[in-house]
Amino acid sequence: MRVLVVYSHPVEESFNAAVHARVVASLRQAGHTVDDCDLYAEGFNPVLGREERLNYHDTSVNRAPVQGYVDRLLAAEALVLVFPVWCFGLPAMLKGWFDRVLMPGVAFDISDPANVKPALTHLKKIAAVTTYGRPRWTAFLMGDPPRKVITRYLRVLTGGRAKIAYHAHYHMNVSTDASRTAHLEKVGRIMARL
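About the cut-offs
Residues numbered from 1 in each chain as written. Predicted model: local features only at pLDDT ≥ 70, side-chain atom pairs only at ≥ 80, totals over all residues. Heavy atoms only, no water. Helix = DSSP H or I, 4+ residues; strand = E, 2+ residues; numbered from the N terminus. Expected span 1.5 Å × (residues − 1). Buried < 20%, exposed > 50% of the residue type's maximum accessible area, 1.4 Å probe, protein only. Contact = heavy atoms within 4.5 Å. Phe/Tyr/Trp six-rings, centres within 6.5 Å; stacked < 30°, edge-to-face > 60°. Lys NZ or Arg CZ within 6 Å of the ring centre and 35° of its normal. Pairing = 2+ DSSP bridges. Axes fitted to C-alpha atoms, helices over the stretch in contact; angles between N-to-C directions.

A. Region of interest: helix α1 (residues 15–29). Over its 15 residues, α1 runs 21 Å from end to end, which matches the ideal 21 Å to within 8%, given 1.5 Å per residue. Those residues of α1 that fall on the buried side of the exposure criterion are F15, N16, A17, V19, H20, V23, V24, S26 and L27. Residues of α1 that are buried make contact with β1 (2–7), β2 (33–38), β3 (78–85), β6 (125–132), β7 (163–169) and α7 (177–192). Note on α1: the residue one or two positions beyond its end, G31, has a positive phi of about 95 degrees.

Here it is in structure tokens:
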């Protein structure tokens, strides 16, 4: 498959960087064509500015500021998101990608505002690989917004057609070499079966 990997972390030496590298390597070893989108390395601007917001619903012009990112998403058969959870949310960089790229005419059809239709129906699989600083029970207590964005919101945008998986390593604040190594191995196996 053609897989778009969207990676969002600013530190090249982070555990997330190691996870990202494992994701990309495992997908390529499994024979997938990978479009590796490192939002920080590419200098992606996450800010949805005034003009973009004014043109947001005008599908004849709304893509222009992020056309390259839109093209990459539309060319993909699968989407893999690699990111840390910060303050129980998506990192601002990735949230900006969602805000600016998942727009009318790309992620959903609003030609009939009373009957909005999904438009990412070409995606067969979506996976998120993430880390949390806190334990799973804390994320559960907070409602786990990132999990819901991936497993519910993106499911709606695909019309329920994509298989969606969410893989997290919790409690990074007390993780060990063994727990991180085990997570990397698990991620490699999961991506090999994508």
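B. Just the packing of aromatic side chains, in detail. The full count for this structure, using the stated rule, is three aromatic pairs. For the ring pair W97 and F98, a centre distance of 5.8 Å and an interplane angle of 75 degrees mean the geometry is edge-to-face. Both residues of the pair, W97 and F98, count as buried. Taking the ring centre of Y56 as reference, the NZ or CZ of R53 above it sits at 4.7 Å.

C. Seen up close, the sheet that holds β7. A sheet is described by the order of its strands in space; here five strands give the open sequence β2-β1-β3-β6-β7, paired in parallel fashion. Strand pairing shows two members of the sheet lacking a second neighbour, β2 and β7, which therefore form its edges. Averaged over all neighbouring strand pairs, the angle between strand axes comes to 15 degrees, with direction disregarded. As defined by bridge partners, β6 adjoins β7 across seven bridges and the pair is classed as parallel. Pairing of T131 across the sheet is with H169, part of β7. Across the face of the sheet, helix α3 (residues 67–75) comes into contact with β1 and β2 while running at roughly 150 degrees to β2. Across the sheet, helix α4 (residues 92–101) lies against β1 and β3, angled at about 145 degrees from β3, the strand it touches most.

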